[in-house]
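Residue strings, one per chain:
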Amino acid sequence: MVGPGSKIWTVAYDGSGTSLELRAGVTSSPVQVKVPYEMDFAHLAFAHSTPILAITQAGLLTQPPSYSYRPGSTWKPFRKVPGGAWTAGRDIGLTATSRGVRLVAADGKTNIYA
């Protein structure tokens with residue numbers, strides 16, 4: 001993912017079940033972002049210059065995805081996406097828009113802008 005300043009950001013699962021590894025730039029040191037549960041999918045997008053992560057919980061069909069964002073140098077705790085979204089064990093869509101970030105869940109009706 002190309003982020004602010006044309007830096008290439010990467011998201012990797014570290015295998016621990018408790019965190020993701022993010023790099024803001026190819027040569028930067030990784031940052032560990034704690035996650036609230038074991039995940040199936042993780043996505044990164046930017047609301048202008050603010051990075052936003054969205055994740056889905058492994059093995060649960062009716063749970064909403066969760067999201068976190070970093071408004072400065074610290075990631076906020078993950079929160080469930082509001083509005084009754086659910087994933088049905090499928091991946092989610094997360095993309096940057098002119099309004100911020102749009103998340104589309106498997107229920108087909110949830111479009112969240114952050």
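Residues numbered from 1 in each chain as written. Predicted model: local features only at pLDDT ≥ 70, side-chain atom pairs only at ≥ 80, totals over all residues. Heavy atoms only, no water.

Enquirer: Would you mind going over the environment of Pro-65 in detail, with residue names and values included?
Expert: Along the chain, the position of Pro-65 falls in the loop between strand E5 (50-57) and strand E6 (66-69). Here Pro-65 is in contact with Tyr-37, Ile-55, Thr-56, Arg-79, Lys-80, Val-81, Ala-85, Thr-87, Ile-92 and Leu-103, once residues within four sequence places are set aside. (Helix = DSSP H or I, 4+ residues; strand = E, 2+ residues; numbered from the N terminus. Contact = heavy atoms within 4.5 Å.)

Enquirer: Tell me about unusual backbone geometry, and name the residues and values.
Expert: Of note, the phi angle at Ser-6 is positive, near 60 degrees, even though the residue is not glycine. If you trace the backbone, Ser-6 turns up in the segment before strand E1 (9-13). With phi around 60 degrees, His-48 is a residue other than glycine that occupies positive phi space. Following the sequence through the fold, His-48 ends up in the loop between strand E4 (39-47) and E5. We classify His-48 as exposed; its relative accessible area is 58%. (Buried < 20%, exposed > 50% of the residue type's maximum accessible area, 1.4 Å probe, protein only.)

Enquirer: Please give an account of the nonpolar core that cites residues and values.
Expert: Inside soluble globular proteins, nonpolar side chains tend to come together where they are buried. Ranked by internal contacts, the top residues of the largest apolar core, which has 13 residues, are Leu-20, Leu-22, Leu-53 and Ile-55. Residue assignment for this core shows that the elements contributing at least two residues are strand E2 (19-24), E4 and E5. Take this core: its biggest share by element is three residues, from E4. Excluding its chain neighbours within four sequence positions, the residues that come into contact with Leu-20 are Val-11, Ala-12, Tyr-13, Val-31, Gln-32, Val-33, Val-35, Met-39, Ala-42, Leu-53 and Ile-55. Grouped together as the second largest cluster of nonpolar side chains are 12 residues, Ala-47, Tyr-67, Ala-85 and Leu-94 included. (Core = buried A, V, L, I, M, F, W, Y, C linked by side-chain atoms within 4.5 Å.)

Enquirer: Outline the sheet that holds E2, supporting the account with residue identities and numerical values.
Expert: In space, the three strands of this open sheet follow the order E1-E2-E3, with antiparallel pairing throughout. A single partner strand is all that each edge strand has here, and the edge strands are E1 and strand E3 (31-34). Averaged over all neighbouring strand pairs, the angle between strand axes comes to 30 degrees, with direction disregarded. Two strands pair when backbone bridges link them, and E2 and E3 are joined in this way by four bridges, in the antiparallel orientation. (Pairing = 2+ DSSP bridges. Axes fitted to C-alpha atoms, helices over the stretch in contact; angles between N-to-C directions.)

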